[in-house]
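Coordinates in review
Spelled out from the first residue to the last, the chains are:
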Amino acid sequence: MNIEQARFNMIEQQIRPWNVLAQDVLDLLMVVKREEFVPAAYRSLAFFDTEIPLPGGENMLAPKIEARMLQEANVKKHEYVLEIGAGSGYMAALLAHKARHVTTVEISPELKTLAEQNLSDYGVANVDVQLGNGAQGWTGADGKAGEYDVIIISGSLPVLPEAFGKQLKVGGRLLAIVGSAPVMELQLITRTSEHVFETVNIVETMAKPLHAALVPSHFTF
């Protein structure tokens, strides 16, 4: 396999048609080598339009979803980013190139170790990997509200817990895939003021739910 040709094809045939047109994002996908974050057994699938299995029954999101999230988040160099679901560390590596600092939270000890190793091997220094359940919100290092400029949920949630909104700074953005199969939406939520959040549905897509995600009650009264 010609790896650089496969990478180019991924960008031109999968990612660009998904309305990922920001040149800085497309350039970054050429710079951060996705195959370095894919388990060796699945490296031949690194550039396919599919989720890739990870240890413990988890998986990497499809490349076009990662790229669209990265574009819509529009991370700036001075910003602090929270990612829920470290996986192999690939999304954190992408975010690290654009942000001041990234905190990524992983519920699986095995994947936390994998992500840390991959990020270290790749020379990414501005990411810390935390072990914990972030599916219902994450209080951050000092527990303060409004701690992050950007929050990325690398997985889906049936409903979005309010706790995430409280962790956004005013002007902050949150990207999450919300809903249950067969209908999920990639949503961009922006905190426009202390008490106001604006939600935009970006695109319909599908992703595996995060472990320990809140499940909405189907009882009605």
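Throughout what follows, the structure given in this document is the object of discussion. Only a predicted model underlies this, so the values are computations on that prediction, with no experimental measurement involved.

Let us now look at the packing of aromatic side chains. This model, assessed by the stated rule, comprises two aromatic pairs. Taken together, a centroid distance of 5.8 Å and an interplanar angle of 55° make the contact between Phe37 and Tyr90 tilted. Here the residue Phe37 occupies a position in the loop between helix H2 (23-31) and strand E1 (52-53), and Tyr90 occupies one in helix H4 (residues 90-98), the gap between them amounting to 53 residues.

Now for the pairing of strand E3 (residues 80-84). E3 sits mainly inside the fold: four of its five residues count as buried. Taken together, the five bridges between E3 and strand E4 (residues 101-106) define a ladder with parallel strand orientation. The residue bridging Leu82 from the neighbouring strand is Thr103, located in E4. Of the pairings in the sheet, the one linking E3 to strand E6 (residues 148-157) comprises four bridges and is parallel in character. Of the residues in E6, the one forming a bridge with Glu83 is Ile152.

Read across the sheet, seven strands follow the order E5-E4-E3-E6-E7-E8-E9 without closing on themselves; strand pairing throughout is mixed. Every other strand in the sheet has two partners, leaving strand E5 (127-131) and strand E9 (196-205) as the edge strands with one partner each. Neighbour-to-neighbour, the strand axes of the sheet open up by a mean angle of 15°, direction not taken into account. Inspection of the sheet shows E4 paired to E5 by five bridges, in the parallel sense. What sits directly across from Thr103, in E5, is Asp128. On the sheet, helix H3 (residues 63-73) packs against E6, strand E7 (168-180), strand E8 (183-193) and E9 and is oriented at approximately 155° with respect to E7.

What follows covers helix H1 (residues 3-15). Those residues of H1 that fall on the buried side of the exposure criterion are Ala6, Arg7, Met10, Ile11, Gln14 and Ile15. Buried residues along H1 sit against H2 and H3. The N-cap of H1, judged by a side-chain oxygen 3.2 Å from the amide nitrogen of Glu4 a few residues on, is Asn2.

Before going further, it helps to examine the side chain of Asp149. Tracing the backbone shows Asp149 in strand E6. For Asp149, the side chain forms a polar contact with the main-chain nitrogen of Tyr80, separated by 2.7 Å. Polar side-chain contacts of Asp149 include one of 3.5 Å to the side chain of Lys169. Setting aside residues up to four positions removed in sequence, Asp149 forms contacts with His78, Glu79, Tyr80, Leu168, Lys169, Gly172 and Arg173.

The buried count for E6 comes to 10 of 10 residues, which makes it a mostly enclosed element. In the sheet, E6 pairs with E7 via six bridges, with the strands oriented parallel. Bridge pairing in E7 links Ile152 to Leu175.

With respect to the secondary-structure elements, Glu58 resides in the loop between E1 and strand E2 (59-60). Within the structure, Glu58 has its side chain in polar contact with the side chain of His211 (distance 2.7 Å). Not counting residues up to four positions away in its chain, the partners in contact with Glu58 are Ile52, Pro53, Leu111, Lys208 and His211.

Quick look at the packing of H3 against H4 now. For the pair H3 and H4, interaxial distance at closest approach is 11 Å and the crossing angle is 25°. The angle between the axes of H3 and H4 places the two elements in the roughly parallel class. Note that H3 runs across H4; the crossing there is right-handed. Across the interface between the two elements, Glu66, Met69 and Leu70 of H3 pack against Tyr90, Met91, Leu94, Leu95 and Lys98 of H4. Residues that form the contact of H3 with H4 fall into these classes: six nonpolar, no polar and two charged.

At a closest axis distance of 9 Å, the pairing of H2 and H3 adopts a crossing angle of 135°. It follows from the interaxial angle that H2 and H3 lie oblique. Helix-helix and strand crossings are classified by hand; for H2 and H3 the assignment is right-handed. Seen from H2, the contacting residues are Val25, Leu28 and Leu29; seen from H3, they are Ala67, Leu70 and Gln71. The residue inventory of the contact of H2 with H3, partitioned by class, reads five nonpolar, one polar and no charged.

About the cut-offs
- Residues numbered from 1 in each chain as written.
- Predicted model: local features only at pLDDT ≥ 70, side-chain atom pairs only at ≥ 80, totals over all residues.
- Heavy atoms only, no water.
- Phe/Tyr/Trp six-rings, centres within 6.5 Å; stacked < 30°, edge-to-face > 60°.
- Helix = DSSP H or I, 4+ residues; strand = E, 2+ residues; numbered from the N terminus.
- Buried < 20%, exposed > 50% of the residue type's maximum accessible area, 1.4 Å probe, protein only.
- Pairing = 2+ DSSP bridges.
- Axes fitted to C-alpha atoms, helices over the stretch in contact; angles between N-to-C directions.
- Contact = heavy atoms within 4.5 Å.
- Polar contact = N/O pair within 3.5 Å; in protein donor to acceptor, adjacent residues only side chain to side chain.
- Parallel < 35°, antiparallel > 145°, perpendicular 65-115°, else oblique.
- Left-handed = near helix turned anticlockwise from the far one by under 90°.
- Nonpolar A, V, L, I, M, F, W, Y, C, P; charged D, E, K, R; others polar.

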